[in-house]
Structure formats: structure tokens, C-alpha cells
Amino acid sequence: MEEIYAKFVSQKIRKTRWRPLPPERLQTAETFATGSWDNEENYVSPWSIGDFGNLDSDGGFEGDHQLLCDIRHHGDVMDLPSFDRERIVTASSTGCVTVFLHHPNNQTLSVNQQWTTAHYHAGPGSPSYSSAPCVGVVCNNPEIVTVGEHDHKEADHKEATRTIDNADSNTFHAVTFLQTPEILTVNSTGQLKTLDFRQQGNELSHILSLTSDRVPLHCVDRHPNQQHVVATGGQDGILSIWDVRQGTMPVSLLKAREAEMWEVHFHPSNPDHLFTCSEDGSLWHWDASTDVPEKLSLFHQGGRSSTFLSQSISNQANVHQSVISSWLSTDPAKHRIETTSLLPSRSLSVNSLDVLDPCLVCGTDAEAIYVTRYLFS
Amino acid sequence: MEELDGEPAVTVIPGVNSKKNQMCFDWGPGEMLVCETSFSKKEKSEMVPSCPFIYIIRKDVDVYSQILRKLFNESHGIFLGLQRIDEELTGKSRKSQLVRVSKNYRSVIRACMEEMHQVAIAAKDPASGRQFSSQVSILSAMELIWNLCEILFIEVAPAGHLLLHLLDWVRLHVCEVDSLSADVLGSENPSNHGSFWNLPGNTQTLTELELKWQHWHEECERYLQDSTFATNPHLESLLKIMLGDEAALLEQKELLSNWYHFLVTRLLYSNPTVKPIDLHYYAQSSLDLFLGGESSPEPLDNILLAAFEFDIHQVIKECSIALSNWWFVAHLTDLLDHCKLLQSHNLYFGSNMREFLLLEYASGLFAHPSLWQLGVDYFDYCPKLGRVSLELHIERIPLNTEQKALKVLRICEQRQMTEQVRSICKILAMKAVRNNRLGSALSWSIRAKDAAFATLVSDRFLRDYCERGCFSDLDLIDNLGPAMMLSDRLTFLGKYREFHHMYGEKRFADAASLLLSLMTSRIAPRSFWMTLLTDALPLLEQKQVIFSAEQTYELMQCLEDLTSRRPVRGESDIQQLQDEDIETTKVEMLRLALARNLARAIIREGSLEGS
């Protein structure tokens, strides 16, 4: 893995996320946001990679990432999804959810909206009120779903529309959207729970779990095209692939390192590639793409096109083969997964990573941000 | 106790009037707490209004500097790399690795210096600009010292190469301070000697060089004697300089910014093949000549002098005093230790100097809310006192979020610090209990394998059940698995839930025997027996006979046990009377149900099957 730029930034990075690209997709990723933790003053900062218009001999951008601006954040930044091109939502360890607006003209951030008591243990009215951290946020314009340690909240622009309290006696660790009104959460006893917001009532609809080991799961990500395929990473460093339509057990378990896996991400346009980062400072690239010759190469360029093409093939057996994600295949002989370590040396934990074709950014507890622009070189 | 080397510095605390009132203080791990007391210094006992604040005083402010943080983080990576260098390597390859590490450290210092310089220029108010500039000069001095130590101690340049390295050293450091004039004096020399020294790939031996140089030197002397250049005073003084004449060199003092520049220039012309052990003589005299009795040597000068004298301990000692942060001495000493240059020198506290400095540095890191993670690795590489220090420090890290707690726990578990794991989990479990999150509390107790706390939490669960009639956190209790065995109370809780399940699935016989075993095996707490017996009621009232005669006898036994032990109440108020009423009604109902069941059981067991 060449061309990783490292920069020490004097704050431990908790989350880093690329800013979403406009739908025309004429540009590659250029801005990412980071949120820090464990400081007396934490910051949310957008950064830009490369000097605009400054090309080197290969036509790529030179130089490392530059800080655009920053804004103080109360509490650790627990999650940092982008609401849209200009707005970033943050979840804080103080239970506060904030929407920041990034003004690209004068490069400043400002608070657009804030819910300071989004999550708490006992209500604001009670004498034993104490705030609880907000552990995850997912956005689907115009809705925001925030997950605290024990509850969910659904909000739109103005206010929280729905709260599901005491949703879990164990603490939630992460959340993702399955299909639009349905979310999937993972918790500290190794369970995946789905919740459908269309349904009334507070019951979580479906529970899947690992074996009786009760190993906490820390992160979850959904396959970009096949929404029933979900990957989770746990405290013991095991990457699990699940099919939420069937069964209560994971489809496959892949052992990475011995330490907590903090984040797992499918590559958004190349979902046969998966990236994980762990507490022991490793950043891994899992490559499940196969080169079985009888499959057409077009199948691997994105889920939607493969579904379309498969219908035109007369051989029914092949249809099933191609639609099944390579991740779900349980035949080890056919699908070998290659793993590569992306960081040159290991020191402290890599807390967060994000992938946006063809760039990858990750942030560590050694107060460094690594960016690479050539993932599949 | 050694004598102090200097007067301690006085720090004035704003708002505290030390003349009027006495102050009190207490030491913390990296800081001091100070406040005013109400004890007046004078004899009169008048109450003077005192300052209402408590002050936290920190000596080490560098830890809080944004730019220096980068230094700490990057050097942490280099430090780890150094520790992991294969011990097997010896000789040239090891030396080149160590030199590379030293250069890495230096480049990190330089990068930091660059950045601070930029900030100093861009600073808006002059006071902070000055502060940054002084930081820059401190960093520059650190790099100067480190570079010299690298040349003398790590590279261990032999005679001949030594001067080349020293030339580079001076050029690097002098040129950046005084770019115009130093170039004049510094750079014209190599052009004269370029062919002479034949830099890389030098195949000449030292003696050959020395011979050639002697020859050339004698030629210059002859020119001087013959007054060949007498007509041109500039050329003549140039000639004198090239002969290494000290007086001539000193005349150009403005061009030489400091005494070590003078030293190296002098060596270049008078003794270019100087041996390392002879350096100190030249160094001392250069310092004296340059200062000329006008000013006294500064701390930096003393440090450099000690380095030229190859007195490593003195270098480290002086640096420790002069610098405000342990970073420099800790890393330098560690590197020199890897070069096997430090004798193991027992200090008062039983560990050697390297370990002492690393411990001090790491403790300073732990005082910072964020940099404690770096400190952990430093403690790991202190063989004698590192583990103990880590144990003490890691318990005191404030745990605000679960994420941080998980990281701390991971650190403790990796090092088998079970006591610390237990204590941290207990803290988190207590927090959870206080927030009424019994499920989390139980999870934490299970992780810590803390039976006592698990019992406490299970009791809370059972009490809540008695009060509210339902369990909270069912998804946790129902899926305990083997963790159930941690404590008796927890096992009871799990089994009790199992009983509920069985009842729900209408497996009455199994439920009944489970219920009975819970009571007879005595894992059920006595306070809960009434509830258990009450749970047995619906089973007793069923159409079919569930409890056998044997079992019914045992139930009766339990009931008698329970009622006989109950203390006889004397006078009581209405509430207690009402409670008693309920109790007696329950007991009566139970007795009735048990008797009826017994009757039916005896009949059923006595009759033949099928009839």
C-alpha cells in the first residue's frame, strides 16, 4: 500500500467521515470531517485533501490534508454522519445531538440545531437526572435516528418525533439503516436487533445473536446493494457476516486480530471489499472478490447491474450463484478472502475509518490522521 | 540528600495574599493544590477575608501545548520502534539502526520547531509571539545537543570523520541563526579542501591525510614567514586564519556566532585529524577564549562542554535541570542506554537512570487527560517499577464514557492486571446501579468476575421483582449462559427465570421440580421463599396433580421452616397489622392448598394406573 499520508493533529480522533459527493460524481472525495475525544476541549473539524488545482506529474493531488476550520464540541464525539452536503450531525458523550452547518465560502462551522438532552438515564424532571451518551446517529434526510445507550429517538428537522425508551438493557454500541424505515442496532451482549419505525409499539422486531458467548459487538455496516447482508465487528476482533432475512446466527465468522474491532465498512461502490480497524492499531482490507472465469466481469461492478443482467441468462443455477453475495458464500474453497494490512506500523488504536472511492481516511489514538488516495492501485 | 544546585524559583499565585495568611498545599500526581487558609500570620486572631479559590499548579505546561503534543506522539512511535529493535543485532548494522533512530528523533524535533516558528510569526499579540519564539529556541538548543550527542556517542565518529561531522553540525545550526555571514566563513573552507578530504568513499588512511595536511600547513607557514603576502593585509590575515591562529580567528568574532563555531573552525585549521578524546581540551580553551572573561557560560554551554568531555551523566543532569519537561532526557537516555553507554548506576530509588527518567516522563503524561495512552507503553518498558507504576496510575484515570473504559480494560487485561480490571468494572457497575441500569451493572460484574457485586445486583433485581411484579432487563437475564455460575444469587435468578419460562410453556412438572429444588437446595434467599411458595400456589391449584406426595411434604416443610422462624411481633401499628394480616392469609391459603394437594397426590399414587 503506497502513498499513505500521515499527519499528527494534536487530538485523538474518534470518528472520521468523508463528506458525501454530489450525485454527478465528477470529482473524487475532497473533504472529510473528524471528531475528537478525550480532550478537555473536543473539536469537530473538516479537512481537505490536496491543494486545489495543484497537480503533480501524475495528475494526482499533492500534499497532505489541511485543516479547514474547527468548532468546539461539548463532550466526546461519538458519531459523525453527514446529513447532507453541508450539514454534519454529531452525537456527543454528554447525550447531546447537534447539527453543524459548514459554510464553504468562509470556511466556518456553525451550530444549526441542537438537542441537548436527547439521551439521559433519568428524565430531566426527576431529581436523579443524569445524561447518557448518545452512541450512534444515522441520517436519512430529513430524518435522524439517534441511539443512546438504552434508547432510540427519531427526529426530523425540528424536534424529536418518537422515542423508544429502555429499548435494551444492555448498552447499544452502533446503528445502521437496513432499509429506510428499519434500523439495525448492535449491543454489548452480541445481539443484533432490528426496529421498524413504521410499526407502532416499542418492541424490537427481530433479534439475532451470536452464540452464548455474549461478546459485545462494536460496529455494524450494511452491504451497499444487498440490504440483507450485514457485517459486524466485535470485542474479540471477529468479523461476522449476517443475513438478516434468515436465521439467528451469523453466516460466517472471520478472525482478524485479538483486539476490539471499532469500525467496519463496505466499500460503497465495490462491495466485495471490506475495511476494518481495531484497537491494536491495525487497518485491514478484506478482499472477497473472486476471479472465477465463468462469471462475467460485469457482475463485480455493482450490485444493481448484476441483478439486471442475471435475468437475461437462461441458466437458472447461474442466476442464483451471481445474486448471492460473495460474502454470504460458505464455501471456503471457492471464495478465498484476501486480507491486507494497510498501515505501515502499528502503534495505538485506529478508532475510525471511512472509504469513498478511491480514498480512505482513518484516525488513531496516536493523534494521527492517515489518508490514502489510491486504494486499488 | 544532595545540595540544591540553585535557588528554587518563586511562583506568585494571583489572588492569594501569602503575607497575610498562611497557605496550605497538597501534592497530586503531576500537580499541586494550593489555597489560602484562614490562619493569619500575625498574632491577632482577626478574621481576614481570604481568597475563596483553590488553585491547581502545574509545573509541566509543555504537555498542554498543541504543537508539542505532536512531538510526544511521533516520538512515542519512534520509541516503540527502538525497543523492538532486535537485540541480536550487533556491530555495524545495529549502529546504523541506532543512528537512524537518532536521526528520526531529530527530524521530529525539527518539524516541531518549524511549525512553532510559523505560529510565532503568525501570532497576533507580541506576548504569545515571544513565548513561541522562546519555545523555538529551546527546541533548537535541544536539537543542537542531541545532534552533538549523536556524533560523539552514537555515531562514535573516529578521528578524521569526526571533524567532518562537527563541520556539518555547526553548519546546520549556525546557518539557520545567522545565515548571511556564517556562510562566508563556513563555506569557503570546503572549497579549499574539497579535493583534500575527498569526502565519501575516502580511501586514504588517517595517517596519509595527516601527512598531506602537515605538508600543506608547513607550506602556509613558510608563506607567512617569508611575508609573501605582506602587501595585502587581508590576504595575510586569511593566511593566519588558515594556519589556525587563534588571535586571527578571534578578530572575526562577529562572524562566529558562538564558541563552538569558533572551536570547529579552529580545529579545522589547526588540527583536522583531532581524536575524540582530545576534543575536550580544545573545547574548554575555545570557550574561554571566545568568552574572553566578559560573560559567564550559559547552561547550554555547560551541556555542550560536558558532551565534549564525554561525560554523559553530566550532560543528562544538566539537561534535566535546564529543561522543564522530561521528554528530552528520557528519550536521549533511553537511546544512549540502547547503545550500551550507561553503566547501571543505582540511584536512591533502586532503578537505573534510564528507568527513572522514563518513569518521570510517563507519570507526567498520565497527568494529562488525553496523553495517558502514550504513558502506558513507556511503563511497559521499565522492567523494575513500570508495572507497579502502571497499576497505580491506570486506576486513577477518570472514566467518562464506556468507550474509554473499554480501552482501559483492554490495557489491563492484556497485562493480566486482574485487580485493576475488577476495580474498574466495579466503578462502572456502581455507576450503572446509580442510574438504575441493573442490566449494565450485571454485565460489568460478570466481566470482572466479581461474585460479590453480582450478588448485590441480583438482590436488587429480586427486590424490584417483589415490588413491581415483573423483571426488568429480561433479555439479559434470560441469556446469561455459563455466566450464571458466578454467584449463588445470580444462579438463583437465572433458574428462577427458567422456572417462569417453563411455566409459560406449560411444562408444569418440570417447573414444579425446579421450584422445589430451588428451595430445598437453599440457593434461594430466605426473604424470597414466600414468593416462591406463592408461585407454587397456581401449580397446586391445577386440575391435575403436579406435585407428588413427597414433594408436597417438602413444600410443607419449607413453609413450616419459614413461619416458625418469623419473629413474634409485639405492639405494632396499623400498617404492620395489615401486613401481618396479608401474611397470615397467604400462609393459610398455602396450607389449605398444600393439604388438598397432598390428599389428591396420596390418592393418585395409591391407586392403580388406569383405574
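Cut-offs and rules
- Residues numbered from 1 in each chain as written.
- Chains lettered and ligands numbered in written order.
- Predicted model: local features only at pLDDT ≥ 70, side-chain atom pairs only at ≥ 80, totals over all residues.
- Heavy atoms only, no water.
- Helix = DSSP H or I, 4+ residues; strand = E, 2+ residues; numbered from the N terminus.
- Buried < 20%, exposed > 50% of the residue type's maximum accessible area, 1.4 Å probe, protein only.
- Contact = heavy atoms within 4.5 Å.
- Areas by Shrake-Rupley, 256 points an atom, 1.4 Å probe, with all protein chains shown as cover.
- Salt bridge = Lys/Arg side-chain N within 4 Å of Asp/Glu carboxyl O.
- Pairing = 2+ DSSP bridges.
- Axes fitted to C-alpha atoms, helices over the stretch in contact; angles between N-to-C directions.
- Buried area = accessible area lost by both parts, 1.4 Å probe.
- Polar contact = N/O pair within 3.5 Å; in protein donor to acceptor, adjacent residues only side chain to side chain.
- Nonpolar A, V, L, I, M, F, W, Y, C, P; charged D, E, K, R; others polar.
- Lys, Arg positive; Asp, Glu negative; His and termini not counted.
- Domains from an automatic or database assignment.
- pLDDT = per-residue confidence, 0-100.
- Core = buried A, V, L, I, M, F, W, Y, C linked by side-chain atoms within 4.5 Å.
- Expected span 1.5 Å × (residues − 1).

Caption draft 1: A look at the overall build of chain B. Across its full length, chain B holds 26 helices and three strands. Sorting the 611 residues of chain B into buried and exposed places 46% on the buried side. Taking the intrachain contacts of chain B between residues at least 6 apart in sequence as the baseline, contacts between residues at least 24 apart amount to 62%.

Caption draft 2: Quick look at the overall build of chain A. What chain A contains, in helices and strands, is two helices and 31 strands. Sorting the 377 residues of chain A into buried and exposed places 58% on the buried side. Contacts in chain A between residues far apart in sequence, at least 24 positions, make up 50% of those at least 6 positions apart. Counting only carbon and sulfur atoms, one obtains 48% of the accessible surface of chain A, whose full area is about 15,800 Å².

Caption draft 3: Expanded view of the pattern of salt bridges. All names here are of chain B. Under the counting rule described, the total for this entry stands at 32 salt bridges over all chains. Close ionic contact of R354 with D337 constitutes a salt bridge, the shortest N to O distance being 3.8 Å. Of this pair, R354 sits in helix α14 (residues 353-366) while D337 sits in helix α13 (residues 327-338), and the two are 17 residues apart along the sequence. Relative accessible area serves as the criterion here: at 8%, R354 is assigned to the buried category. By relative accessible area, D337 is classed as partly exposed at 24%. R489 is the salt-bridge partner of D459, the closest N and O atoms lying 2.4 Å from each other. Pair noted here: D459 is in helix α20 (residues 451-468) and R489 is in helix α22 (residues 488-504), with a separation of 30 residues, a long-range link. When salt bridges with common partners are traced through the structure, they connect K103, R106, R110, E143 and E150 into a single cluster.

Caption draft 4: Structural detail: the sheet that holds strand β24 (residues 252-255) of chain A. All names here are of chain A. In spatial order, the strands read β21-β22-β23-β24; together these four strands make up an open sheet with antiparallel pairing. One side of each edge strand has no neighbouring strand; the edge strands of this open sheet are β21 (217-222) and β24. The sheet shows a mean angle of 20 degrees between the axes of neighbouring strands, taken without regard to direction. As paired strands, strand β23 (residues 238-243) and β24 are joined by four bridges and run antiparallel to one another. Each residue of the ladder has a partner; that of I241, found in β24, is S252.

Caption draft 5: Geometry of the interface of chain A and chain B. Counting residues at the interface gives 42 residues for chain A, matched by 37 residues for chain B. Of the roughly 3,300 Å² buried between chain A and chain B on both sides combined, carbon and sulfur atoms contribute 42%. The interface formed by chain A and chain B contains five salt bridges. Here B:K407 and A:D365 are joined by a salt bridge, their closest N and O atoms 2.9 Å apart. The interface formed by chain A and chain B contains 22 residue pairs in polar contact (both at pLDDT 80 or more). Taken together, the residues that form the side of chain A that touches chain B break down as eight nonpolar, 19 polar and 15 charged.

Caption draft 6: Representation of the side chain of B:D377 in the model. Structurally, B:D377 can be placed in helix α15 (residues 372-380). Buried within the structure, B:D377 lacks any salt-bridge partner; B:R415 is the closest side chain of opposite charge, at an N-O distance of 4.2 Å. If we ignore the near neighbours within four places in the chain, the residues touching B:D377 are A:L348, B:H76, B:F79, B:L80 and B:R415.

Caption draft 7: Inspection of the sheet that holds strand β9 (residues 97-103) of chain A at higher detail. All names here are of chain A. Taken together, the four strands give an open sheet; going across it, the order is β7-β8-β9-β10, and neighbouring strands pair in antiparallel fashion. In this open sheet, the two edge strands, each paired with only one partner strand, are β7 (77-79) and β10 (108-115). Between one strand and the next, the sheet's axes are offset by a mean angle of 40 degrees, whatever the strand orientation. Where strand β8 (residues 87-92) meets β9, five bridges bridge the pair, whose relative direction is antiparallel.

Caption draft 8: Main features of the domain arrangement of chain B. All names here are of chain B. As far as domains go, chain B holds domain 1 (22-59), domain 2 (405-505) and domain 3 (525-565 + 575-610). Taken together, the contact pairs eight residues of domain 2 with eight residues of domain 3. Summing both sides of the interface, domain 2 and domain 3 together bury roughly 700 Å²; the carbon and sulfur share of this comes to 79%. For the domain 2 face of the interface with domain 3, the top three residues by lost area are F492, Y496 and Y503, together amounting to 52%. Remark: the boundary between domain 2 and domain 3 carries zero salt bridges. The interface formed by domain 2 and domain 3 includes one residue pair in polar contact (both at pLDDT 80 or more). When contributions to the side of domain 2 that touches domain 3 are tallied by element, the ones reaching two or more residues are α20 and α22. Ranked by residues supplied to the side of domain 2 that touches domain 3, first place goes to α22 with five residues. Looking at the side of domain 2 that touches domain 3 residue by residue, the class counts come to seven nonpolar, no polar and one charged.

Caption draft 9: Molecular detail of the confidence of the model for chain A. Residues and elements named next belong to chain A. Mean pLDDT over chain A works out to 75, with 74% of the residues at or above the 70 mark. Below a pLDDT of 50 lies the segment residues 52-61, which in the model reaches 13 contacts outside its immediate sequence neighbourhood of four places, other chains included. This model gives residues 292-323 a pLDDT under 50, and the stretch forms 21 contacts once residues within four places in sequence are excluded.

Caption draft 10: Representation of the nonpolar core in the model. Among the nonpolar cores identified, the biggest contains 182 residues, and B:W169, B:W259, B:F308, B:W327 and B:F328 are the most heavily contacted of them. In terms of domain composition, this core takes at least three residues from each of domain 2 (405-505) and domain 3 (525-565 + 575-610) of chain B. For B:W327, the residues in contact, after removing those within four places along its chain, are B:L71, B:F72, B:S75, B:Y105, B:I109, B:M142, B:W146 and B:Y361. Within the second largest apolar cluster, 24 residues are counted, among which are A:V89, A:V99, A:V137 and A:I144.

Caption draft 11: Examining the pairing of β10(A) more closely. All names here are of chain A. As defined by bridge partners, β9 adjoins β10 across seven bridges and the pair is classed as antiparallel. Across the sheet, residue H102 finds its bridge partner in β10, namely L109. Between β9 and the antiparallel strand that follows it, β10, lie four residues; Q107 among them carries a positive phi value of about 50 degrees.

Caption draft 12: Molecular detail of helix α23 (residues 508-520) of chain B. Residues and elements named next belong to chain B. Relative to the 18 Å expected for 13 residues at 1.5 Å per residue, α23 spans 18 Å between its end C-alpha atoms, a close match to the ideal helical length. Taken together, the buried positions of α23 are occupied by F508, A511, A512, L514, L515, L516, L518 and M519. Close packing links the buried residues of α23 with α22, α24 (526-540) and α25 (549-565). Remark: R522 follows α23 within two positions and exhibits a positive phi of approximately 65 degrees.

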